[in-house]
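Below are the chains, spelled out letter by letter.
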Amino acid sequence: RSRYVQARKCAAELLLSLVEKMGVTKLAGTPRAERLAHVAGTLAQDCHKDTRHYGQEMVKMLLNNQKFKKLLEQSLSPHDL
């Protein structure tokens, strides 16, 4: 939610590395899975290209999991997916 581009970019980069290290399947079982899907969708639509890139990479990874796919479809429009 920060209005500073560098803060959003750094948060997106760190979140992507967390998703890569922990794995999508493990994260799907956590209570914050819905929040993660919403944040990844928001970052994928960011106005800064680097932040948007990290968000889109996260969304691509999350779409491979059935639970996250459902959550992303709820929080994003079909056009954005």
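Data block above holds the structure.
Summarised in this report is the structure supplied together with it. (Residues numbered from 1 in each chain as written. Predicted model: local features only at pLDDT ≥ 70, side-chain atom pairs only at ≥ 80, totals over all residues. Heavy atoms only, no water.)

### Some words on the environment of Leu-15
Then, number 1: With respect to the secondary-structure elements, Leu-15 resides in helix H1 (residues 5–22).
Then, number 2: Spatially, the C-alpha atom of Leu-15 lies 8.3 Å from that of Met-58, the residues being 43 residues apart in sequence.
Then, number 3: Contacts of Leu-15, omitting those with residues within four sequence positions, involve Leu-36, Val-39, Leu-43 and Met-58. (Helix = DSSP H or I, 4+ residues; strand = E, 2+ residues; numbered from the N terminus. Contact = heavy atoms within 4.5 Å.)

### Observations regarding the environment of Ala-12
Then, number 1: Relative to the helices and strands, Ala-12 resides in helix H1.
Then, number 2: With a relative accessible area of 0%, Ala-12 lands in the buried category.
Then, number 3: Separated by 28 residues in sequence, Ala-12 and Ala-40 have C-alpha atoms that sit 8.1 Å apart.
Then, number 4: Ignoring any residue separated from it by four or fewer positions in sequence, one finds Ala-12 in contact with Leu-43, Thr-51, Tyr-54 and Met-58. (Buried < 20%, exposed > 50% of the residue type's maximum accessible area, 1.4 Å probe, protein only.)

### Description of the nonpolar core
Then, number 1: Counting 21 residues, the largest nonpolar core has Val-19, Leu-36, Met-58, Leu-62, Phe-68 and Leu-72 as its most contacted members.
Then, number 2: Secondary-structure elements contributing two or more residues to this core are H1, helix H2 (24–28), helix H3 (33–44), helix H4 (49–62) and helix H5 (66–75).
Then, number 3: Here the element with the most residues in this core is H3; it accounts for six residues.
Then, number 4: When residues no more than four places from it in sequence are discounted, the contact partners of Met-58 are Ala-12, Leu-15, Leu-16, Val-19, Ala-40 and Leu-43. (Core = buried A, V, L, I, M, F, W, Y, C linked by side-chain atoms within 4.5 Å.)

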